[in-house]
Amino acid sequence: MHNHANFVDVVISLGSNIDREQNIPEAVRLLRRHRGIDVQAVSCVFESEAVGGPEGSPAFYNAAMLACTDLSPEDLRAELRAVERVLGRERTEDKNAPRTIDLDLAYYGDVVKDFGEWQIPDPEAATAPHVAVPIADVAPDWVHPVTGSTAYDVVKTLEGAEERVKSVMAIQLSPPYAVRGPEDFDDVGEVYAPHFEALVRQQLEEIGEDPTREGLVRTPLRVAKAMDFLTSGYTTTLEEVVNNAVFDAEGAEEMVLVKDIEFYSMCEHHMLPFFGKAAVAYLPSEKIIGLSKIARITDVFARRLQVQERLTNQVADALMDILEPHGAAVVIEGKHLCMMMRGVQKQDSSMITSSMRGTFKSDARTRNEFLDLVRS
Ligand code: ZN
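Q: What is the right way to read the pairing of strand 14 (residues 327–336) from this model?
A: Remember that side chains alternate between the two faces of the sheet whenever the strand is regular. Within strand 14, eight of the ten residues are buried, which leaves the element mostly enclosed by the surrounding structure. Pairing between strand 14 and strand 15 (residues 351–358): eight bridges, direction antiparallel. Counterpart to Val-331 in the pairing with strand 15 is Ser-354.

Structure representation (C-alpha coordinates):
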(Lines give C-alpha, C1' and ligand atoms only; values in the text may rest on other atoms or scores of the structure.)
Protein backbone atom coordinates (compact mmCIF):
# COMPACT_ATOMS: atom_id res chain seq x y z
CA MET A 1 0.00 0.00 0.00
CA HIS A 2 2.68 2.52 1.00
CA ASN A 3 4.65 1.90 -2.17
CA HIS A 4 1.73 3.09 -4.20
CA ALA A 5 2.40 6.27 -6.12
CA ASN A 6 -0.57 8.12 -4.63
CA PHE A 7 0.52 7.50 -1.06
CA VAL A 8 2.46 10.03 0.97
CA ASP A 9 4.39 9.35 4.17
CA VAL A 10 3.18 11.48 7.04
CA VAL A 11 3.91 12.00 10.72
CA ILE A 12 1.05 12.57 13.13
CA SER A 13 1.64 13.72 16.68
CA LEU A 14 -0.62 12.75 19.55
CA GLY A 15 -1.09 14.30 22.97
CA SER A 16 -3.47 13.88 25.89
CA ASN A 17 -3.73 15.00 29.49
CA ILE A 18 -7.26 13.85 30.28
CA ASP A 19 -7.66 10.07 30.67
CA ARG A 20 -4.39 9.89 28.80
CA GLU A 21 -3.80 6.16 29.46
CA GLN A 22 -6.96 5.39 27.51
CA ASN A 23 -7.01 8.18 24.96
CA ILE A 24 -3.58 7.75 23.39
CA PRO A 25 -4.00 4.03 22.55
CA GLU A 26 -7.59 4.67 21.56
CA ALA A 27 -6.60 7.37 19.09
CA VAL A 28 -4.01 5.02 17.60
CA ARG A 29 -6.60 2.30 17.34
CA LEU A 30 -9.14 4.56 15.61
CA LEU A 31 -6.57 5.89 13.17
CA ARG A 32 -5.49 2.35 12.32
CA ARG A 33 -9.09 1.55 11.50
CA HIS A 34 -9.27 4.38 9.00
CA ARG A 35 -9.30 3.25 5.37
CA GLY A 36 -7.23 6.21 4.17
CA ILE A 37 -4.53 5.97 6.83
CA ASP A 38 -2.04 3.12 6.79
CA VAL A 39 -0.20 3.21 10.12
CA GLN A 40 3.41 2.05 9.82
CA ALA A 41 4.75 2.57 13.33
CA VAL A 42 4.02 4.29 16.60
CA SER A 43 6.58 5.74 18.99
CA CYS A 44 6.88 5.03 22.67
CA VAL A 45 4.67 7.15 24.85
CA PHE A 46 6.45 10.10 26.49
CA GLU A 47 5.42 12.14 29.47
CA SER A 48 5.94 15.88 29.71
CA GLU A 49 4.80 18.72 31.94
CA ALA A 50 1.95 20.84 30.58
CA VAL A 51 3.34 24.03 29.05
CA GLY A 52 1.45 27.32 29.33
CA GLY A 53 -1.72 25.72 30.66
CA PRO A 54 -3.65 26.69 33.79
CA GLU A 55 -1.89 26.23 37.13
CA GLY A 56 -1.78 22.56 38.08
CA SER A 57 -2.62 21.23 34.60
CA PRO A 58 -1.98 17.49 34.50
CA ALA A 59 1.10 16.29 32.63
CA PHE A 60 0.75 15.09 29.06
CA TYR A 61 1.36 11.85 27.35
CA ASN A 62 2.71 12.34 23.85
CA ALA A 63 3.40 9.99 20.99
CA ALA A 64 4.03 10.15 17.26
CA MET A 65 2.80 7.98 14.45
CA LEU A 66 4.39 7.24 11.11
CA ALA A 67 1.75 6.53 8.48
CA CYS A 68 1.07 6.81 4.81
CA THR A 69 -2.08 8.14 3.28
CA ASP A 70 -3.78 8.99 0.03
CA LEU A 71 -5.69 11.81 1.70
CA SER A 72 -4.81 15.44 0.98
CA PRO A 73 -3.36 17.43 3.89
CA GLU A 74 -6.70 19.18 4.37
CA ASP A 75 -8.68 15.92 4.33
CA LEU A 76 -6.24 14.18 6.64
CA ARG A 77 -6.44 17.07 9.08
CA ALA A 78 -10.24 16.91 8.93
CA GLU A 79 -10.08 13.19 9.75
CA LEU A 80 -7.82 13.90 12.71
CA ARG A 81 -10.37 16.43 13.94
CA ALA A 82 -13.12 13.84 13.52
CA VAL A 83 -11.24 11.32 15.66
CA GLU A 84 -10.65 14.05 18.24
CA ARG A 85 -14.38 14.64 18.41
CA VAL A 86 -15.07 10.93 18.85
CA LEU A 87 -12.70 11.02 21.82
CA GLY A 88 -14.52 13.95 23.35
CA ARG A 89 -12.18 16.77 22.41
CA GLU A 90 -13.72 20.18 22.77
CA ARG A 91 -11.77 23.01 21.17
CA THR A 92 -11.98 26.23 23.13
CA GLU A 93 -10.33 29.64 22.92
CA ASP A 94 -7.68 28.46 25.38
CA LYS A 95 -5.06 26.71 23.27
CA ASN A 96 -3.44 25.26 26.37
CA ALA A 97 -6.53 23.90 28.13
CA PRO A 98 -6.38 20.25 29.20
CA ARG A 99 -7.62 17.97 26.46
CA THR A 100 -8.66 14.37 25.93
CA ILE A 101 -6.69 14.19 22.73
CA ASP A 102 -4.70 16.36 20.39
CA LEU A 103 -3.93 15.06 16.92
CA ASP A 104 -1.72 17.19 14.70
CA LEU A 105 -0.24 16.69 11.30
CA ALA A 106 3.47 17.23 11.94
CA TYR A 107 4.84 16.34 8.50
CA TYR A 108 3.20 15.59 5.17
CA GLY A 109 5.92 14.16 2.93
CA ASP A 110 8.29 17.02 2.10
CA VAL A 111 5.45 19.49 1.65
CA VAL A 112 6.04 23.00 2.98
CA LYS A 113 2.84 25.00 3.01
CA ASP A 114 1.08 27.69 4.99
CA PHE A 115 -2.65 27.12 5.26
CA GLY A 116 -3.22 30.31 7.26
CA GLU A 117 -4.35 28.84 10.55
CA TRP A 118 -1.86 25.99 10.36
CA GLN A 119 1.35 25.04 8.64
CA ILE A 120 3.12 22.03 7.27
CA PRO A 121 5.49 21.11 8.77
CA ASP A 122 4.00 21.85 12.16
CA PRO A 123 6.39 24.48 13.60
CA GLU A 124 6.34 22.60 16.92
CA ALA A 125 7.99 19.61 15.24
CA ALA A 126 11.24 21.56 15.28
CA THR A 127 10.75 23.64 18.42
CA ALA A 128 8.70 21.77 21.03
CA PRO A 129 10.36 18.85 22.80
CA HIS A 130 7.05 17.09 23.50
CA VAL A 131 6.43 16.94 19.73
CA ALA A 132 9.99 16.46 18.48
CA VAL A 133 11.07 13.68 20.86
CA PRO A 134 8.33 11.18 19.93
CA ILE A 135 8.91 11.94 16.24
CA ALA A 136 12.63 11.21 16.66
CA ASP A 137 11.67 7.96 18.34
CA VAL A 138 9.44 6.70 15.56
CA ALA A 139 11.22 8.26 12.56
CA PRO A 140 14.77 9.35 13.50
CA ASP A 141 15.84 9.75 9.88
CA TRP A 142 12.89 11.90 8.86
CA VAL A 143 14.32 14.98 7.13
CA HIS A 144 12.81 18.35 7.92
CA PRO A 145 11.97 19.80 4.50
CA VAL A 146 13.07 23.34 5.41
CA THR A 147 16.15 22.89 7.62
CA GLY A 148 17.35 19.57 6.23
CA SER A 149 17.92 18.28 9.77
CA THR A 150 16.91 14.76 10.67
CA ALA A 151 14.33 14.28 13.44
CA TYR A 152 17.14 12.86 15.57
CA ASP A 153 19.27 16.00 15.06
CA VAL A 154 16.30 18.25 15.78
CA VAL A 155 16.05 16.77 19.27
CA LYS A 156 19.80 17.24 19.84
CA THR A 157 19.39 20.98 19.18
CA LEU A 158 16.53 21.34 21.68
CA GLU A 159 18.09 22.03 25.01
CA GLY A 160 17.22 19.53 27.70
CA ALA A 161 14.61 17.90 25.51
CA GLU A 162 15.47 14.39 26.55
CA GLU A 163 15.36 15.32 30.24
CA ARG A 164 12.09 17.19 30.05
CA VAL A 165 10.30 14.58 27.98
CA LYS A 166 10.49 11.17 29.58
CA SER A 167 9.68 7.92 27.95
CA VAL A 168 7.01 6.05 29.89
CA MET A 169 7.43 2.55 28.69
CA ALA A 170 4.69 1.23 30.94
CA ILE A 171 2.06 1.82 28.29
CA GLN A 172 1.81 -0.93 25.77
CA LEU A 173 1.19 0.46 22.35
CA SER A 174 1.85 -2.92 20.87
CA PRO A 175 -1.01 -5.35 20.19
CA PRO A 176 -3.79 -5.82 21.30
CA TYR A 177 -4.23 -2.19 20.21
CA ALA A 178 -3.52 -3.36 16.66
CA VAL A 179 -6.93 -3.98 15.23
CA ARG A 180 -6.20 -4.48 11.57
CA GLY A 181 -6.05 -8.25 11.72
CA PRO A 182 -7.33 -10.54 8.98
CA GLU A 183 -10.56 -11.17 10.88
CA ASP A 184 -11.48 -7.51 10.34
CA PHE A 185 -11.89 -8.27 6.69
CA ASP A 186 -14.28 -11.18 6.61
CA ASP A 187 -17.10 -11.39 4.11
CA VAL A 188 -19.15 -8.90 6.08
CA GLY A 189 -16.74 -6.25 4.88
CA GLU A 190 -14.96 -3.67 6.95
CA VAL A 191 -17.12 -1.59 9.20
CA TYR A 192 -15.94 1.84 10.25
CA ALA A 193 -18.14 2.97 13.13
CA PRO A 194 -15.98 4.67 15.76
CA HIS A 195 -18.96 6.32 17.41
CA PHE A 196 -20.82 3.03 17.70
CA GLU A 197 -17.70 1.38 19.10
CA ALA A 198 -17.35 4.14 21.68
CA LEU A 199 -20.92 3.44 22.78
CA VAL A 200 -20.22 -0.29 23.13
CA ARG A 201 -17.17 0.46 25.27
CA GLN A 202 -19.33 2.70 27.44
CA GLN A 203 -21.88 -0.08 27.71
CA LEU A 204 -19.17 -2.52 28.82
CA GLU A 205 -18.15 -0.09 31.53
CA GLU A 206 -21.75 0.36 32.63
CA ILE A 207 -22.14 -3.37 33.24
CA GLY A 208 -18.97 -3.38 35.34
CA GLU A 209 -16.55 -4.69 32.74
CA ASP A 210 -13.11 -3.44 31.84
CA PRO A 211 -13.16 -2.70 28.08
CA THR A 212 -9.37 -2.59 28.01
CA ARG A 213 -8.80 -6.16 29.16
CA GLU A 214 -7.46 -8.41 26.47
CA GLY A 215 -10.60 -10.40 25.77
CA LEU A 216 -12.69 -7.27 25.31
CA VAL A 217 -10.36 -4.97 23.42
CA ARG A 218 -11.72 -6.00 20.05
CA THR A 219 -15.28 -6.52 21.22
CA PRO A 220 -16.66 -3.08 20.25
CA LEU A 221 -15.41 -3.63 16.70
CA ARG A 222 -16.94 -7.11 16.59
CA VAL A 223 -20.24 -5.82 17.96
CA ALA A 224 -20.26 -3.04 15.37
CA LYS A 225 -19.73 -5.57 12.60
CA ALA A 226 -22.30 -7.99 13.96
CA MET A 227 -24.90 -5.25 14.31
CA ASP A 228 -24.13 -3.99 10.83
CA PHE A 229 -24.99 -7.44 9.50
CA LEU A 230 -27.93 -8.18 11.80
CA THR A 231 -29.60 -4.88 10.93
CA SER A 232 -28.74 -4.90 7.23
CA GLY A 233 -32.46 -5.19 6.45
CA TYR A 234 -32.82 -1.46 7.02
CA THR A 235 -30.64 -0.70 4.04
CA THR A 236 -31.69 -3.54 1.73
CA THR A 237 -34.58 -2.91 -0.64
CA LEU A 238 -36.97 -5.56 -1.91
CA GLU A 239 -36.13 -4.46 -5.44
CA GLU A 240 -32.47 -5.39 -5.08
CA VAL A 241 -33.41 -8.71 -3.49
CA VAL A 242 -35.99 -9.66 -6.09
CA ASN A 243 -33.75 -8.40 -8.85
CA ASN A 244 -35.57 -9.64 -11.98
CA ALA A 245 -36.40 -13.06 -10.50
CA VAL A 246 -40.14 -12.56 -11.13
CA PHE A 247 -41.40 -14.69 -14.01
CA ASP A 248 -44.57 -15.19 -16.02
CA ALA A 249 -46.72 -17.80 -14.24
CA GLU A 250 -47.60 -19.41 -17.63
CA GLY A 251 -50.86 -20.78 -16.28
CA ALA A 252 -49.46 -22.15 -13.01
CA GLU A 253 -52.15 -21.75 -10.41
CA GLU A 254 -51.36 -24.32 -7.73
CA MET A 255 -50.22 -23.20 -4.35
CA VAL A 256 -46.49 -22.54 -4.07
CA LEU A 257 -45.18 -23.33 -0.60
CA VAL A 258 -41.69 -22.94 0.85
CA LYS A 259 -41.23 -24.46 4.29
CA ASP A 260 -38.47 -24.46 6.88
CA ILE A 261 -37.04 -21.08 5.97
CA GLU A 262 -34.59 -20.40 8.78
CA PHE A 263 -34.56 -16.86 10.05
CA TYR A 264 -32.72 -14.92 12.75
CA SER A 265 -34.02 -11.64 14.04
CA MET A 266 -33.82 -9.46 17.14
CA CYS A 267 -36.76 -8.42 19.27
CA GLU A 268 -37.20 -4.70 19.48
CA HIS A 269 -38.04 -4.83 23.18
CA HIS A 270 -34.78 -6.32 24.44
CA MET A 271 -32.55 -6.39 21.38
CA LEU A 272 -32.13 -10.11 21.99
CA PRO A 273 -32.37 -12.71 19.23
CA PHE A 274 -35.46 -14.57 18.24
CA PHE A 275 -35.18 -17.21 15.58
CA GLY A 276 -36.95 -20.13 14.04
CA LYS A 277 -38.60 -21.19 10.82
CA ALA A 278 -41.02 -19.62 8.42
CA ALA A 279 -43.44 -21.25 5.99
CA VAL A 280 -44.47 -19.01 3.12
CA ALA A 281 -47.07 -19.75 0.47
CA TYR A 282 -48.86 -17.96 -2.34
CA LEU A 283 -51.44 -18.72 -5.00
CA PRO A 284 -50.05 -17.44 -8.30
CA SER A 285 -52.01 -15.15 -10.53
CA GLU A 286 -49.84 -13.74 -13.34
CA LYS A 287 -46.45 -13.93 -11.71
CA ILE A 288 -44.20 -16.37 -9.88
CA ILE A 289 -40.86 -15.82 -8.17
CA GLY A 290 -37.65 -17.85 -7.79
CA LEU A 291 -37.97 -19.96 -4.63
CA SER A 292 -34.70 -18.79 -3.11
CA LYS A 293 -35.97 -15.24 -3.25
CA ILE A 294 -38.67 -16.03 -0.71
CA ALA A 295 -35.99 -16.76 1.88
CA ARG A 296 -34.17 -13.57 0.91
CA ILE A 297 -37.36 -11.53 1.32
CA THR A 298 -37.77 -13.04 4.80
CA ASP A 299 -34.21 -11.98 5.65
CA VAL A 300 -34.82 -8.38 4.59
CA PHE A 301 -37.49 -8.07 7.29
CA ALA A 302 -35.80 -10.34 9.85
CA ARG A 303 -32.55 -8.35 9.86
CA ARG A 304 -34.02 -5.46 11.80
CA LEU A 305 -35.37 -4.91 15.27
CA GLN A 306 -38.68 -6.71 15.09
CA VAL A 307 -41.70 -8.19 16.74
CA GLN A 308 -42.64 -11.56 15.32
CA GLU A 309 -46.20 -10.49 14.42
CA ARG A 310 -44.97 -7.62 12.27
CA LEU A 311 -42.30 -9.74 10.63
CA THR A 312 -45.01 -12.24 9.64
CA ASN A 313 -47.25 -9.52 8.21
CA GLN A 314 -44.44 -7.82 6.34
CA VAL A 315 -43.41 -10.99 4.51
CA ALA A 316 -47.02 -11.65 3.49
CA ASP A 317 -47.54 -8.06 2.35
CA ALA A 318 -44.29 -8.07 0.38
CA LEU A 319 -45.44 -11.14 -1.58
CA MET A 320 -48.80 -9.49 -2.28
CA ASP A 321 -47.00 -6.36 -3.53
CA ILE A 322 -44.42 -8.11 -5.67
CA LEU A 323 -46.51 -10.92 -7.21
CA GLU A 324 -50.12 -9.66 -6.95
CA PRO A 325 -51.16 -13.28 -6.32
CA HIS A 326 -54.65 -14.55 -5.43
CA GLY A 327 -53.41 -14.86 -1.90
CA ALA A 328 -50.38 -15.20 0.36
CA ALA A 329 -49.86 -16.95 3.70
CA VAL A 330 -47.04 -16.92 6.22
CA VAL A 331 -46.62 -18.94 9.40
CA ILE A 332 -43.64 -18.28 11.63
CA GLU A 333 -42.56 -20.29 14.64
CA GLY A 334 -39.98 -18.47 16.73
CA LYS A 335 -38.07 -18.96 19.95
CA HIS A 336 -37.35 -15.74 21.82
CA LEU A 337 -34.18 -15.53 23.88
CA CYS A 338 -35.62 -12.64 25.86
CA MET A 339 -38.16 -15.09 27.23
CA MET A 340 -35.96 -18.19 27.36
CA MET A 341 -32.84 -16.65 28.94
CA ARG A 342 -34.74 -14.66 31.51
CA GLY A 343 -36.89 -17.60 32.50
CA VAL A 344 -40.10 -15.75 31.67
CA GLN A 345 -41.48 -18.86 30.01
CA LYS A 346 -40.50 -22.48 29.77
CA GLN A 347 -37.24 -22.83 27.90
CA ASP A 348 -38.72 -24.81 25.10
CA SER A 349 -41.70 -22.59 24.41
CA SER A 350 -42.05 -21.07 21.00
CA MET A 351 -44.41 -18.54 19.54
CA ILE A 352 -46.47 -19.12 16.40
CA THR A 353 -47.80 -16.26 14.31
CA SER A 354 -49.63 -16.32 11.01
CA SER A 355 -50.69 -13.90 8.32
CA MET A 356 -53.33 -14.73 5.72
CA ARG A 357 -53.99 -12.55 2.68
CA GLY A 358 -56.46 -12.87 -0.19
CA THR A 359 -57.81 -16.37 -0.79
CA PHE A 360 -55.99 -17.73 2.27
CA LYS A 361 -58.03 -15.37 4.37
CA SER A 362 -61.38 -15.61 2.59
CA ASP A 363 -61.43 -19.34 1.79
CA ALA A 364 -61.24 -21.83 4.67
CA ARG A 365 -60.38 -24.75 2.36
CA THR A 366 -57.33 -22.99 0.92
CA ARG A 367 -56.24 -21.93 4.37
CA ASN A 368 -56.63 -25.44 5.80
CA GLU A 369 -54.80 -26.98 2.89
CA PHE A 370 -51.89 -24.63 3.61
CA LEU A 371 -51.95 -25.32 7.34
CA ASP A 372 -52.07 -29.08 6.76
CA LEU A 373 -49.04 -28.85 4.47
CA VAL A 374 -47.17 -26.75 7.02
CA ARG A 375 -47.81 -29.25 9.81
CA SER A 376 -46.96 -32.33 7.78
ZN1 ZN B 1 -37.91 -9.34 23.72
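Q: Help me out: how do you make sense of the environment of Thr-219 in this one?
A: Within the secondary structure layout, Thr-219 lies in helix 8 (residues 219–230). Spatially, the C-alpha atoms of Thr-219 and Val-200 are 8.2 Å apart, while their sequence positions differ by 19 residues.

Q: Teacher, can you tell me more about the packing of aromatic side chains here?
A: Any pair of aromatic rings gets described here by the distance separating the centres and the angle formed by the planes. This structure, assessed with the given rule, holds five aromatic pairs. Considering the side-chain rings of Phe-115 and Trp-118, the 4.0 Å spacing of their centres and the 5° angle between planes classify their relative orientation as stacked. Owing to a relative accessible area of 21%, Phe-115 belongs among the partly exposed residues under this scheme. Take Trp-118: its relative accessible area is 13%, and that puts it in the buried class.

Q: Where do I start with unusual backbone geometry in this structure?
A: What is expected of a backbone is that most residues other than glycine have negative phi and most peptide bonds are trans. Residue Pro-121 is reached from Ile-120 by a cis peptide bond, and omega for that bond is -5°. Tracing the chain through its elements places Pro-121 in the loop between strand 7 (119–120) and helix 3 (124–127). If you check the backbone angles, Glu-250 has positive phi at about 50° while not being a glycine. Mapped onto the elements, Glu-250 comes out in the loop between strand 9 (246–248) and strand 10 (256–267).

Q: Would you take a moment to explain the coordination of the zinc ion for this structure?
A: Ideal values differ by geometry: the angle at a metal is 109.5 degrees with four tetrahedral donors, but 90 or 180 degrees with six octahedral donors. Only Cys-267 (SG), His-270 (ND1) and Cys-338 (SG) from the protein reach the zinc ion as donors, at distances of 2.1 to 2.3 Å. When the donors of the zinc ion are listed by position in the chain, the intervening gaps give C-x2-H-x67-C. With His-270 in the loop between strand 10 and strand 11 (273–283) and Cys-338 in helix 12 (residues 337–340), this residue pair connects regions lying 68 residues apart in the sequence. Residue class for His-270 comes out partly exposed when judged on its relative accessible area of 35%. Overall, the relative accessible area of 7% leaves Cys-338 in the buried class.

Q: Looking at this model, I keep getting lost on the pairing of strand 1 (residues 8–16). Mind explaining?
A: Most of strand 1 sits out of view: seven of its nine residues are buried. With nine bridges connecting them, strand 1 and strand 4 (residues 60–69) associate as antiparallel partners. Within the sheet, the bridge partner assigned to Val-11 lies in strand 4 and is Leu-66. Pairing geometry for strand 1 and strand 5 (residues 102–108), over six bridges, is antiparallel. Looking at the pairing, Leu-14 lines up with Leu-103 of strand 5.

Q: What is the right way to read empty space enclosed by the protein from this model?
A: Which parts of space are left empty comes out when a probe the size of a water molecule is rolled across the atoms. The tally for this structure, following the rule as stated, stands at one cavity of 30 Å³ or more. Forming the boundary of the largest cavity are Tyr-107, Ala-125, Ala-132, Ile-135, Ala-151 and Val-154. Breaking the lining of the largest cavity down by element, the ones donating at least two residues are helix 4 (129–138) and helix 5 (151–157). The residue makeup of the lining of the largest cavity, split by class, is six nonpolar, no polar and no charged.

Q: Would you mind showing me how to read helix 4 here?
A: Owing to its 3.6 residues per turn, the α-helix brings residues three or four apart onto one side. For helix 4, the tally of buried residues reaches eight of ten residues, placing the bulk of the element in the interior. If you check which residues of helix 4 are buried, you get Pro-129, Val-131, Ala-132, Val-133, Pro-134, Ile-135, Ala-136 and Val-138.

Q: Honestly, the sheet that holds strand 15 in this entry has me stumped. Any pointers?
A: Each strand in a sheet pairs with another by means of backbone hydrogen bonds, the pair being arranged parallel or else antiparallel. Across the sheet, which stays open at both edges, the five strands sit in the order 13-10-11-14-15 with mixed pairing between neighbours. In this open sheet, the two edge strands, each paired with only one partner strand, are strand 13 (305–306) and strand 15. Of the strand pairs in this sheet, strand 10 and strand 11 are connected by nine bridges, and their pairing is antiparallel. Within the sheet, the bridge partner assigned to Met-266 lies in strand 11 and is Pro-273. The strands touched by helix 11 (residues 308–323) are strand 10, strand 11, strand 13, strand 14 and strand 15; relative to strand 15, the strand with the most contacts, the crossing angle is about 25°.

Q: Would you explain the nonpolar core in this entry?
A: Buried together is how nonpolar side chains tend to be arranged in soluble globular proteins. Counting residues in hydrophobic clusters, the biggest one holds 30 residues, and the most contacted among them are Val-280, Ile-289, Ile-297 and Leu-311. No other element matches helix 11, which puts seven residues into this core. By size, the runner-up hydrophobic cluster in this structure holds 27 residues, among which are Val-39, Ala-67, Ile-101 and Trp-118.

Q: When you look at the pattern of salt bridges in this model, what are you seeing that I'm missing?
A: A pair can form between side chains of opposite charge whenever their charged atoms are brought close. Taken as a whole and judged by the stated rule, the model has 13 salt bridges. Between Arg-310 and Glu-268 there is a salt bridge, with the nearest N and O atoms lying 2.7 Å from each other. Note that Arg-310 is positioned in helix 11 and Glu-268 in the loop between strand 10 and strand 11, a separation of 42 residues in sequence. According to the relative accessible area criterion, Arg-310 is partly exposed, its value standing at 31%. Relative accessible area serves as the criterion here: at 33%, Glu-268 is assigned to the partly exposed category. The shortest N-O distance in the salt bridge between Asp-317 and Arg-357 comes to 2.6 Å. On the criterion of sequence distance, the pair formed by Asp-317 in helix 11 and Arg-357 in strand 15 is long-range, its members being 40 residues apart. Using a relative accessible area of 33% as the deciding quantity, one classes Asp-317 as partly exposed.

Q: Would you explain helix 10 (residues 291–302) in this entry?
A: The end-to-end C-alpha distance of helix 10 is 18 Å, a good match for the 16 Å that twelve residues give at a rise of 1.5 Å each. Looking at helix 10, one finds that the buried residues are Lys-293, Ile-294, Ile-297, Thr-298, Asp-299, Val-300, Phe-301 and Ala-302. Its buried side turned inward, helix 10 meets helix 9 (238–242), strand 10, strand 11, strand 12 (287–289), strand 13 and helix 11.

Rules used in this analysis
- Residues numbered from 1 in each chain as written.
- Predicted model: local features only at pLDDT ≥ 70, side-chain atom pairs only at ≥ 80, totals over all residues.
- Heavy atoms only, no water.
- Buried < 20%, exposed > 50% of the residue type's maximum accessible area, 1.4 Å probe, protein only.
- Helix = DSSP H or I, 4+ residues; strand = E, 2+ residues; numbered from the N terminus.
- Pairing = 2+ DSSP bridges.
- Phe/Tyr/Trp six-rings, centres within 6.5 Å; stacked < 30°, edge-to-face > 60°.
- Donors = N, O, S within 2.8 Å, 3.2 Å for Na, K, Ca; no water.
- 1 Å grid on protein atoms, 1.4 Å probe; cavity = no way out; pocket = protein on both sides within 12 Å on 5 of 7 lines; lining within 4 Å.
- Points joined across faces, edges and corners; volume = space filled by probe spheres on them.
- Nonpolar A, V, L, I, M, F, W, Y, C, P; charged D, E, K, R; others polar.
- Contact = heavy atoms within 4.5 Å.
- Axes fitted to C-alpha atoms, helices over the stretch in contact; angles between N-to-C directions.
- Core = buried A, V, L, I, M, F, W, Y, C linked by side-chain atoms within 4.5 Å.
- Salt bridge = Lys/Arg side-chain N within 4 Å of Asp/Glu carboxyl O.
- Expected span 1.5 Å × (residues − 1).

Geometric values such as these leave the question of function open.
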